[in-house]
Amino acid sequence: MGSFVFIPIIFFGLIILISSFFVVKQQTAAIIERFGKFKVIRQSGLHLKIPIVDKVAGRLSLKIQQLDVIVETKTKDDVFVRLKVSVQYRVISQKVYDAFYKLDYPHDQITSYVFDVVRAEVPKMILDDVFLRKDDVAIAVKSELNEAMSDYGFDIIKTLVTDIDPDAQVKEAMNRINAADREKTAAQYEGDAQRILIVEKAKAEAESKRLQGQGIADQRREIARGLEESVEVLNKVGINSQEASALIVVTQHYDTLQAIGSETNSNLILLPNSPQAGSNMLNDMVASFAASNEIGEAMKEAKLNKVQSAKKGK
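None of these values were measured; they are calculated from a predicted model.

A. Expanded view of the overall build of the chain. The number of helices and strands found in the chain is 8 helices and 8 strands. In the chain, which comprises 314 residues, the proportion classed as buried is 21%. Considering only intrachain contacts with a sequence separation of at least 6, the fraction spanning at least 24 residues in the chain is 64%. Of the roughly 22400 Å² that the chain leaves accessible, carbon and sulfur atoms contribute 57%.

B. Representation of the pattern of salt bridges. The full count for this structure, using the stated rule, is 10 salt bridges. In this structure, the salt-bridge partner of arginine 133 is aspartate 136, at a minimum N-O distance of 3.3 Å. The residue lysine 134 makes a salt bridge to aspartate 135 at a minimum N-O spacing of 3.8 Å. Accessibility expressed as a relative area gives 32% for lysine 134, which makes it partly exposed.

C. Layout of the sheet that holds strand S8 (residues 154–166). Strand order in the open sheet formed by 3 strands is S6-S7-S8, and the pairing between neighbours is antiparallel. This sheet does not close on itself; its edge strands, each paired only once, are strand S6 (65–74) and S8. Ignoring which end each strand starts from, the neighbouring axes of this sheet average 20° apart. Across the face of the sheet, helix H3 (residues 106–121) comes into contact with S6, strand S7 (80–91) and S8 while running at roughly 35° to S6. Lying on the sheet, helix H5 (residues 134–149) is in contact with S7 and S8; it crosses S8 at an angle near 145°.

D. How the structure looks around the nonpolar core. Counting residues in hydrophobic clusters, the biggest one holds 32 residues, and the most contacted among them are Leu83, Ile110, Val114, Val118, Val141 and Leu145. Those elements giving two or more residues to this core turn out to be strand S2 (28–34), S6, S7, helix H2 (96–101), H3, H5 and S8. Among the elements that make up this core, the one with the highest residue count is S7 (6 residues). Look past the residues within four positions of isoleucine 110 in its chain and what remains in contact with it is Leu67, Val87, Tyr89, Leu145 and Met149.

E. The arrangement of the sheet that holds S2 in detail. Strand order in the open sheet formed by 3 strands is S3-S2-S5, and the pairing between neighbours is antiparallel. Only two strands of the sheet have a single partner each, and these edge strands are strand S3 (37–42) and strand S5 (54–61). Between one strand axis and the next, the sheet turns by 30° as a mean value, whatever way the strands run. In this structure, S2 lies alongside S3, joined through 5 bridges in antiparallel fashion. Within S3, the position partnered with alanine 30 by the bridge is arginine 42.

Calculation rules
Residue positions are given per chain, counted from 1 along the sequence in the order it is written. For this predicted model, a pLDDT threshold of at least 70 governs which residues receive local features, and a threshold of 80 or more governs which side-chain atom pairs are given and counted, while totals over whole chains, interfaces and linings are taken from all residues. Side-chain numbers here rest on the full set of heavy atoms in the structure, without hydrogens or water. Helix and strand definitions here come from DSSP, where helices need a minimum of 4 consecutive H or I residues and strands a minimum of 2 consecutive E residues; each element is numbered from the N-terminal end. Exposure is judged per residue with a 1.4 Å probe applied to protein chains only, and the accessible area is read against the type maximum: over 50% gives exposed, under 20% gives buried, and values in between give partly exposed. Any two residues whose heavy atoms approach within 4.5 Å at even a single point are treated as in contact. The accessible surface values rely on the Shrake-Rupley method and a 1.4 Å probe; as for residues, cover is taken only from the protein chains in view. Here, a salt bridge means any side-chain nitrogen of Lys or Arg that lies within 4 Å of a carboxyl oxygen of Asp or Glu. Two strands qualify as a pair provided that DSSP identifies no fewer than 2 bridges between them. Only C-alpha atoms enter the line fits that serve as axes; for helices the fit covers just the stretch in contact. Angles between N-to-C directions range over 0 to 180 degrees. Definition of nonpolar core: a set of buried residues of the types Ala, Val, Leu, Ile, Met, Phe, Trp, Tyr and Cys, connected through side-chain atoms within 4.5 Å.

Below is the structure:
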């Protein structure tokens, strides 16, 4: 019977013994109180405390933590905008006492300072400057928080403005402005391309006309050279220049008729086209050449007489 009495005592003693030991994790600080009064701060490892007398009042993480604060405010150009400010902070290992006892809700304290600084800085800027100078806002928040929170045992590592979200209508308007600007740029590029295409096409046409004209000139030069040689050959057999020219024209006339006749689908009609047309053309041309020569000789003689009369009058 007596052995059964000692079992609860032994069990209770084991519980007290086990509760005397506690473990503190890495990058954590434990606050020990004795009868409700601060006693000591324990860092990572296995520790011993007096059961019932001492207790672990709380634990604080010494790791870097992040708090995201969303602030809605108005810019200088009356645009409402929501900013997301990320605050990275940690408890200073030498000031665990201040961090635990001076502040009940450090998150609320940090949030209040972030609201105060953002709503003081952003209304000084227009919307475009908020995007361009968001680092200035982050630096202002960090400076204010460091000054205020260091007394409470917190170190502000970094503050970042991670998101800037204007009103939906403002974003839509900004997108329309951006789209219109890009369309304007695209239209300018298209206009430049069309202008270059027209200029290059005109240059190509001018070069084509130049080469075509040069080809025609070379062709006529060769034709004239051929005609000259033909006249020289005909002169050697006793045909004068007028008759030779008429004969060449008639020959070309018949060559043309032959070329037209070789085309099966040709709709060209050459008039006159009678059998005696060739001889009539030859006679008419010879007469025309003779008449033109007589007129030319008469004009030369009249000019010569006029010059001689003018000399005599002097």
